[in-house]
Amino acid sequence: MWPTQEEVVALRREVRNLTNSTHPEVRMVVSPYRVCPLGAHIDHQGGPVSAIAITMGVLLAFTPTSQPMIQISSRNFDDKFSFRMDAMPDE
């Protein structure tokens with residue numbers, strides 16, 4: 001099964017360390033990749049979908065905060081991205 005319990009525990013530990021969070025809860029979103037054997041994007045054309053989830057995907061882990069600063073980092077990229085929720089454009 002993906003993700004494994006070990007992957008979940010390791011990612012939660014990593015997020016706690018990165019954020020220096022004392023918040024007890026690290027929340028996670030799991031989005032598995034899918035393979036569509038009938039072709040790419042046929043579902044956008046109203047065609048039949050026979051997608052198959054695979055044991056790879058995107059894991060997003062975060063800690064809830066009341067602070068307006070959001071920081072995003074990835075294991076796959078060196079750069080980090082930050083923005084303020086209270087400084088978002090109206091549109």
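What counts as what
Residues numbered from 1 in each chain as written. Predicted model: local features only at pLDDT ≥ 70, side-chain atom pairs only at ≥ 80, totals over all residues. Heavy atoms only, no water. Helix = DSSP H or I, 4+ residues; strand = E, 2+ residues; numbered from the N terminus. Rg over C-alpha atoms; globule rule 2.2 N^0.38 Å. Buried < 20%, exposed > 50% of the residue type's maximum accessible area, 1.4 Å probe, protein only. Patch = residues over 30% accessible without salt bridge, like charges linked within 9 Å, V, L, I, M, F, W, Y side chains within 5 Å. Areas by Shrake-Rupley, 256 points an atom, 1.4 Å probe, with all protein chains shown as cover. Salt bridge = Lys/Arg side-chain N within 4 Å of Asp/Glu carboxyl O. Contact = heavy atoms within 4.5 Å. Phe/Tyr/Trp six-rings, centres within 6.5 Å; stacked < 30°, edge-to-face > 60°. pLDDT = per-residue confidence, 0-100.

A. Local environment of the overall build of the chain. When helices and strands are tallied, the chain shows one helix and four strands. Along the chain, helices (α) and strands (β) appear in the sequence α-β-β-β-β when read from the amino end. Scaling as 2.2 N^0.38, a compact globule of 91 residues should have a C-alpha radius of gyration of about 12 Å, whereas the chain reaches 17 Å, well beyond that. Counting only C-alpha atoms and orienting by the principal axes, one finds that the chain spans roughly 45 × 40 × 25 Å. Buried residues in the chain amount to 10% of all 91 residues.

B. A nonpolar patch on the surface, seen in detail. Residues Y33, V35, I52, I54, M56 and V58 make up a contiguous nonpolar surface patch of roughly 510 Å² in combined accessible area. A per-element tally of the nonpolar patch places strand β2 (residues 52–62) first, with four residues. Position of Y33 relative to the elements: it lies in strand β1 (residues 27–35).

C. Highlighting the environment of S21. With respect to the element layout, S21 can be found in the loop between α1 (5–19) and β1. S21 has contacts with R16 and T63, leaving out every residue within four places of it along the chain.

D. Representation of the pattern of salt bridges within the structure. Scanning the model with the defined rule gives three salt bridges in all. Between E14 and R75 there is a salt bridge, with its nearest N and O atoms 2.8 Å apart. Of this pair, E14 sits in helix α1 while R75 sits in the loop between β3 (69–72) and β4 (81–84); the two residues are 61 residues apart in sequence, bridging distant segments of the chain. By relative accessible area, which is 56% here, R75 ends up exposed.

E. Geometry of the packing of aromatic side chains. Taken as a whole and assessed by the stated rule, the structure comprises one aromatic pair. Ring centres of F81 and F83 lie 5.6 Å apart, and the angle between their planes is 40°; this geometry places the pair in the tilted category.

F. Fine view of the confidence of the model for the chain. Mean pLDDT over the chain: 87, with 97% of residues reaching 70 or higher. Mean pLDDT in the chain bottoms out at β1, which sits at 90, and peaks at β4, which reaches 93.

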